[in-house]
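If you want the building blocks of each chain, they are given just below.
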Amino acid sequence: MTPDLQRDITEGAYWLRKPGPNCEIVIAYTGALAPEAIEATGFIGENRRDIGLLAITSADRLHAGWTAARKLRGDRRGVQHLSHIEQLLAPLPRDCGIVTVIDGHPAALGWLGSVRGHRLEALGVEHFGQTGSIDELYRHHGIDANAIIDAAEALTVGAPVRHRKMAV
């Protein structure tokens with residue numbers, strides 16, 4: 001593990017797939033949804049080459065860092081301290097969309113669109129208490145690979161993703 005990757009993990013997020021210069025979409029995930037996010041990124045990547053995949057290790061650390069940086073800039077005008085999440089999202093084009101996916105409430109990551117003004121689709125679990133297999137629950141809550149692909153399509157202009165995982 002490189003020192004930079006170790007720092008990024010500790011600060012709250014790292015690029016599992018770094019976005020290219022013409023990035024139209026970023027998938028940001030946390031926790032157990034890594035396989036679904038990776039699968040969706042693979043399907044989307046067949047049509048959109050510069051897609052980014054952001055692994056969030058601590059939404060709390062990211063948000064706290066962003067809040068602290070904004071406060072520092074407000075208190076000390078002229079100081080241009082950027083938080084970790086601001087640095088990660090800075091290279092993204094203005095019209096890039098972000099899909100967040102979490103196996104918790106979508107608001108936990110929904111603030112990411114406010115960091116640099118990107119359009120965002122927040123996926124997550126809003127109602128608890130259902131039972132079923134993991135695949136059934138992810139499909140029910142709209143946090144499976146197909147839901148991520150659908151959210152990405154809703155945020156991007158151009159040809160829809162044609163290769164999709166079929167529901168079992």
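Bear in mind the structure is a predicted one, so any value in this text is a computation, not a measurement. (Residues numbered from 1 in each chain as written. Predicted model: local features only at pLDDT ≥ 70, side-chain atom pairs only at ≥ 80, totals over all residues. Heavy atoms only, no water.)

Caption draft 1: Spotlight on the environment of Asp50. As for its placement among the helices and strands, Asp50 is situated in the loop between helix H2 (34–45) and strand E3 (52–56). Considering only alpha carbons, one finds Asp50 and Cys23, 27 residues apart in sequence, at a separation of 4.6 Å. Once you skip the residues sitting within four places of it in the chain, Asp50 turns out to touch Pro19, Gly20, Pro21, Asn22 and Cys23. Reaching out from Asp50, the side chain makes a polar contact with the backbone nitrogen of Asn22 at a distance of 2.9 Å. (Helix = DSSP H or I, 4+ residues; strand = E, 2+ residues; numbered from the N terminus. Contact = heavy atoms within 4.5 Å. Polar contact = N/O pair within 3.5 Å; in protein donor to acceptor, adjacent residues only side chain to side chain.)

Caption draft 2: Focus on the state of the cysteines. Within the structure shown, the criterion is met by 0 disulfides. Distance from the sulfur of Cys23, which forms no disulfide, to the nearest cysteine sulfur (Cys96) is 3.7 Å. Judged by relative accessible area, which is 2%, Cys23 ranks as buried. (Disulfide = S-S within 2.5 Å. Buried < 20%, exposed > 50% of the residue type's maximum accessible area, 1.4 Å probe, protein only.)

Caption draft 3: Up close: the packing of aromatic side chains. Per the stated rule, a full pass over the model turns up 1 aromatic pair. Ring centres of Trp66 and Trp111 lie 5.3 Å apart, and the angle between their planes is 20°; this geometry places the pair in the stacked category. With a gap of 45 residues between them, Trp66 in helix H3 (residues 59–75) and Trp111 in the loop between helix H5 (107–110) and helix H6 (112–116) connect regions that are remote in the sequence. Across this residue pair, the class does not change: Trp66 and Trp111 are buried. Looking at Arg70, its charged tip hangs above the ring of Trp66, at a distance of 4.3 Å from the centre. (Phe/Tyr/Trp six-rings, centres within 6.5 Å; stacked < 30°, edge-to-face > 60°. Lys NZ or Arg CZ within 6 Å of the ring centre and 35° of its normal.)

Caption draft 4: Structural view of the pairing of strand E4 (residues 97–101). Most of E4 sits out of view: 5 of its 5 residues are buried. Of the two faces of E4, the one holding Gly97, Val99 and Val101 and the one holding Ile98 and Thr100 are both buried throughout. By the bridge criterion, 5 bridges tie strand E2 (residues 25–30) to E4 in an arrangement that is parallel. When the sheet's bridge partners are listed, Ala28 is paired in E4 with Thr100. By the bridge criterion, 5 bridges tie E4 to strand E5 (residues 119–123) in an arrangement that is parallel. Directly across from Gly97, in E5, lies its bridge partner Arg119. (Pairing = 2+ DSSP bridges.)

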